[in-house]
Amino acid sequence: MNRRRVSGDVGSGFSRIVESMGALAPLIAVFVLAAAPLAGQAPGNTVKKTPWGDPDLQGVYTFSTLTPLQRPDALAAKVALTEAELAALEERDAENRVAEDRPLAPGNPGTYNNFWTSNEKGRRTGRSSLIIDPPDGRRPPLTPQAQKLRDQLTGEAAARRVGTPPFDHIIYRSWKDLPTYTQCVARPMPRQSQAYNHGLQILQVPGYVVIHYESMHDVRFIPLDGRPHLPSNIRLWNGDSRGHWEGNTLVVDWTNFDPRQEYEGAPQGNMHFVERFTRADAKTINYEVTVDDRTTWTKGWKFLLPWRADDPNYQKPEDLYEYACHEGNYRQMEDALSGSRALEYAAAK
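What you see is a predicted model; the values in this text were computed from it and never measured.

Draft legend 1. Just the nonpolar core, in detail. Ranked by size, the top nonpolar core spans 35 residues in total, and within it Ile 202, Phe 277, Phe 303 and Trp 307 carry the most contacts. Only strand 5 (199–205), strand 6 (208–213), strand 9 (249–255), strand 12 (272–281), strand 13 (284–292) and strand 14 (301–308) provide two or more residues apiece to this core. Beyond its immediate chain neighbours, meaning those up to four positions away, Phe 303 contacts Leu 69, Leu 130, Ile 131, Ile 132, Pro 190, Gln 192, Tyr 263, Tyr 287, Glu 288, Val 289 and Val 291.

What follows is the structure, encoded as structure tokens:
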């Protein structure tokens, strides 16, 4: 649900999550105190600490950016953009935002325009891609097994498409054809690019770091006490996280994903991520993720995405909208299936 379409009690979603946590509720209640500024903090580059001594990462952030995950072919040999190149891209970005509000060409049904997403465009990082390893800024090649699966899924999707652009449609034979995100069950993790609802909040209590994502109202509780991961046969939509501190960096080992969830077009069942959260300055956390799944890619890869606290749209917890998407998304699925039957009937005639 995008930021302009939601109404009502915009801060209520996380409150209801906390109320449902039962025994953890007293622990969560510390969030309000933990999020308060600490008295007597030293100025300059001194790392801010929580009352119990952990590096303080707390705050409301956005990860919105127009920097692509993979380096474009036109910038194949360029890691960082010059000031002139960055300025030119930002000017083009501004022009594109204006163009979104222009009348559509005849026959173009359109999509969300600037009215819905103008405050979700983010900022470019100055690099040519979010991927920092491999050095070419692109994902490694797929394994033969993964490529075979990708070709199979692409062929199945093409077989379910009817009509010609812009009036082409996908035929849904069953609710199983709809992605888990469309069903409002789960959204792929880690979060790196989406159209809207880029907000998140980090909260800390002794022994835990908690990340509340605006989109899908997902909450990750990350224990820091050295406990082992859940058994490998227990799979979760958002995986199983275990964290520890390395100096001022939070390192999170993340695994045990449900194989029905997908990330970058591949099933997540064998994926393993290592996240590193490092405060770069008072308004920025560098979010670095190492991706490893040798059943999907021939080697691991890594991306770096700044989480920013300087966006005027994301300053307070109440700026994170309640994501009012109910599990199952019944009406949307009903419409998709009944519409598919209507298209099949028209084609048969």
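Next comes the rest of the description.
Draft legend 2. Spatial organisation of the confidence of the model for the protein. With 83% of its residues at a pLDDT of at least 70, the protein reaches an overall mean of 85. Across residues 1–23 the pLDDT falls below 50, and counting only partners more than four positions away or on other chains, this stretch makes 42 contacts in the model. Within the model, pLDDT remains below 50 along residues 25–44, and this stretch shows 23 contacts once partners closer than five positions in the same chain are excluded.

Draft legend 3. Here's a closer look at the side chain of Ser 340. Along the chain, Ser 340 turns up in helix 7 (residues 330–348). You can call Ser 340 buried: its relative accessible area is 1%. Polar side-chain contacts of Ser 340 include one of 2.8 Å to the backbone nitrogen of Tyr 172. The residues contacting Ser 340, other than those within four sequence positions of it, are Ile 170, Ile 171 and Tyr 172.

Draft legend 4. Local environment of the pattern of salt bridges. For the structure on display, the rule yields 19 salt bridges. Linking Lys 48 and Asp 56 is a salt bridge whose minimum nitrogen-to-oxygen distance equals 4.0 Å. Using a relative accessible area of 3% as the deciding quantity, one classes Asp 56 as buried. The shortest N-O distance in the salt bridge between Lys 302 and Glu 288 comes to 3.8 Å. Remark: Glu 288 occurs in strand 13 and Lys 302 occurs in strand 14; sequence separation between them is 14 residues.

Draft legend 5. Structural context of the packing of aromatic side chains. Counted according to the given criterion, the structure contains 11 aromatic pairs. Ring geometry for Trp 254 against Phe 257: centres 5.4 Å apart, planes inclined by 55 degrees, an arrangement best described as tilted. A relative accessible area of 0% means that Trp 254 is categorised as buried. Consider the rings of Tyr 263 and Phe 273, whose centres lie 5.4 Å apart with planes at 90 degrees: the pair is edge-to-face. A residue pair is termed long-range when its members are at least 10 positions apart, and Tyr 263 in strand 10 (residues 262–263) and Phe 273 in strand 12 qualify at 10 residues. Neither Tyr 263 nor Phe 273 differs from the other in exposure class; each is buried. Ring pairing ties together the aromatic residues Trp 254, Phe 257, Tyr 263, Phe 273, Phe 277, Tyr 287, Trp 297, Trp 301, Phe 303 and Trp 307, which thus form one cluster. One cation-aromatic arrangement involves Arg 191 over Tyr 213; the distance from NZ or CZ to the ring centre is 5.0 Å. Arg 220 extends its terminal NZ or CZ atom over the ring of Trp 254, reaching a point 3.5 Å from the ring centre.

Draft legend 6. Layout of the state of the cysteines. For the coordinates displayed, the defined rule picks out one disulfide. A sulfur-sulfur separation of 1.5 Å characterises the disulfide bridge that pairs Cys 184 with Cys 325. Of this pair, Cys 184 sits in the loop between strand 4 (169–170) and strand 5 while Cys 325 sits in the loop between strand 14 and helix 7, and the two are 141 residues apart along the sequence. Here the two residues Cys 184 and Cys 325 agree in accessibility, since each one is buried.

Draft legend 7. Molecular detail of the layout of surface pockets. Considering only enclosed or pocket space, the second largest pocket measures out at about 880 Å³ in volume. Lining the second largest pocket we find 28 residues, and of these Lys 176, Asp 177, Leu 178, Pro 179 and Glu 262 sit closest to its centre. Here the lining of the second largest pocket takes five residues from helix 6 (residues 144–159), the largest share from any one element. Class assignment for the residues of the lining of the second largest pocket results in 13 nonpolar, six polar and nine charged.

Draft legend 8. Spatial organisation of the side chain of Arg 187. Mapped onto the elements, Arg 187 comes out in the loop between strand 4 and strand 5. Buried and unpaired, Arg 187 has Asp 218 as its nearest opposite-charge partner, separated by 7.9 Å. In terms of polar contacts, Arg 187 uses its side chain to reach the side chain of Ser 215, at 2.7 Å. In this view, Arg 187 contacts Tyr 181, Gln 194, Ala 195, Tyr 196, Ser 215, Met 216, Asn 238, Gln 261 and Tyr 323; residues no more than four positions away in its chain are not counted.

Thresholds applied
Residues numbered from 1 in each chain as written. Predicted model: local features only at pLDDT ≥ 70, side-chain atom pairs only at ≥ 80, totals over all residues. Heavy atoms only, no water. Core = buried A, V, L, I, M, F, W, Y, C linked by side-chain atoms within 4.5 Å. Buried < 20%, exposed > 50% of the residue type's maximum accessible area, 1.4 Å probe, protein only. Helix = DSSP H or I, 4+ residues; strand = E, 2+ residues; numbered from the N terminus. Contact = heavy atoms within 4.5 Å. pLDDT = per-residue confidence, 0-100. Polar contact = N/O pair within 3.5 Å; in protein donor to acceptor, adjacent residues only side chain to side chain. Salt bridge = Lys/Arg side-chain N within 4 Å of Asp/Glu carboxyl O. Phe/Tyr/Trp six-rings, centres within 6.5 Å; stacked < 30°, edge-to-face > 60°. Lys NZ or Arg CZ within 6 Å of the ring centre and 35° of its normal. Disulfide = S-S within 2.5 Å. 1 Å grid on protein atoms, 1.4 Å probe; cavity = no way out; pocket = protein on both sides within 12 Å on 5 of 7 lines; lining within 4 Å. Points joined across faces, edges and corners; volume = space filled by probe spheres on them. Nonpolar A, V, L, I, M, F, W, Y, C, P; charged D, E, K, R; others polar. Lys, Arg positive; Asp, Glu negative; His and termini not counted.

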